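Summary of structural features
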Amino acid sequence: MKQKQIVLGGGCFWCIEAVYNKVKGVLSAKSAYAGGKRENPTYENVCSGATGHAEVVVITYDADVITLEELLDIFFAIHDPTTLNQQGADKGTQYRSVIYYSDEEEKEIIEHSIAKHQAEFESKIVTEVSELPEVYEAEAYHQNYYALNAHQGYCQVVIAPKLQKFMMHFPDKIA
């Protein structure tokens, strides 16, 4: 097994986590905060917009099963990377589209992926691409949120359609 990690933010972390928890080759998907200026932020701190953190998901995957390129293909299919600091009704810098890389090889793969996917969008992709900062795991009640709360309204209206889109476009990647 060739274990690797990538940190992605594409709006509410519940949405991203729910999808990647269903991806073949993903070992774990954990909700977290990254890219801000406050140590050990809480959900309330991050939601205020004052800390500068984004809601992100730390994805640990087996690179022998799924590649970073394939993970990014899913990422660009399940969120709108052309809206600055917003996904649907979720607005604020904490909901920005962001990819954090660990090394130059990952950065090149990410930049190539953005260039490839730009053709799918009329507007310019505004996904932030930055070196991996300190990452803080989100509170326990945010972890595996969709699986534990699938009946809730937000889960039904916002997360379920992203899961359906993933399953329709990537049936061979479903765990």
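The preceding data block contains the structure.
The structure presented is a predicted model; accordingly, all values stated were derived computationally and were not measured. (Residues numbered from 1 in each chain as written. Predicted model: local features only at pLDDT ≥ 70, side-chain atom pairs only at ≥ 80, totals over all residues. Heavy atoms only, no water.)

A closer look at the nonpolar core
Ile6, Tyr20 and Ile74 are the most contacted members of the largest nonpolar core, which has 44 residues in total. Not counting residues up to four positions away in its chain, the partners in contact with Ile74 are Val19, Tyr20, Val23, Ile66, Phe166, Phe170 and Lys173. Counting residues in each nonpolar core, the second largest holds eight residues, with Val7, Ala32, Val58 and Val98 among its members. (Core = buried A, V, L, I, M, F, W, Y, C linked by side-chain atoms within 4.5 Å. Buried < 20%, exposed > 50% of the residue type's maximum accessible area, 1.4 Å probe, protein only. Contact = heavy atoms within 4.5 Å.)

Quick notes on the packing of aromatic side chains
What the rule picks out here adds up to six aromatic pairs. Measuring from centroid to centroid gives 5.7 Å for Phe13 and Tyr33, while their planes differ by 45°, and the two rings are tilted. On the criterion of sequence distance, the pair formed by Phe13 in helix H1 (residues 13-20) and Tyr33 in strand S2 (residues 26-34) is long-range, its members being 20 residues apart. Among the residues examined, Phe13 registers a relative accessible area of 1% and is labelled buried. Relative to Tyr145, the ring of Trp14 lies with its centre 3.6 Å away and its plane at 5°, an arrangement referred to as stacked. Here Trp14, found in helix H1, pairs with Tyr145, found in helix H5 (residues 145-149); they are 131 residues apart in sequence, far enough to count as distant. (Phe/Tyr/Trp six-rings, centres within 6.5 Å; stacked < 30°, edge-to-face > 60°. Helix = DSSP H or I, 4+ residues; strand = E, 2+ residues; numbered from the N terminus.)

Quick word on the pairing of strand S3 (residues 54-62)
On a regular strand, each side chain points to the face opposite its neighbour's, so the side chains alternate between the two faces of the sheet. Of all nine residues in S3, nine are buried; the element is thus mostly enclosed. The side-chain alternation of S3 yields two buried faces, one formed by Ala54, Val56, Val58, Thr60 and Asp62 and the other by Glu55, Val57, Ile59 and Tyr61. With six bridges joining them, strand S1 (residues 3-10) and S3 adopt antiparallel strand pairing. Along S3, the bridge assignment pairs Lys4 with Tyr61. One ladder, built from eight bridges, connects S2 with S3; its direction is antiparallel. Within S3, the position partnered with Ser28 by the bridge is Thr60. (Pairing = 2+ DSSP bridges.)

Focus: the pattern of salt bridges
Throughout the structure, instances matching the rule amount to four salt bridges. In this structure, Lys116 and Asp73 form a salt bridge, with 2.8 Å as the shortest nitrogen-oxygen distance. Of this pair, Lys116 sits in helix H4 (residues 104-118) while Asp73 sits in helix H3 (residues 68-78), placing them 43 residues apart in sequence. Salt-bridge contacts for Arg96 lead to Glu128; the nearest nitrogen and oxygen are separated by 2.9 Å. Of this pair, Arg96 sits in the loop between strand S5 (90-91) and strand S6 (97-101) while Glu128 sits in strand S7 (residues 128-131), placing them 32 residues apart in sequence. Given the relative accessible area of 26%, Glu128 is considered partly exposed. It is possible to trace a salt-bridge network through shared partners that takes in Glu70, Asp172 and Lys173. (Salt bridge = Lys/Arg side-chain N within 4 Å of Asp/Glu carboxyl O.)

A short note on the pairing of S1
Bridge analysis of S1 against S6 gives four bridges, and the strand direction is antiparallel. Its bridge partner lying in S6, Leu8 is registered against Ile99.

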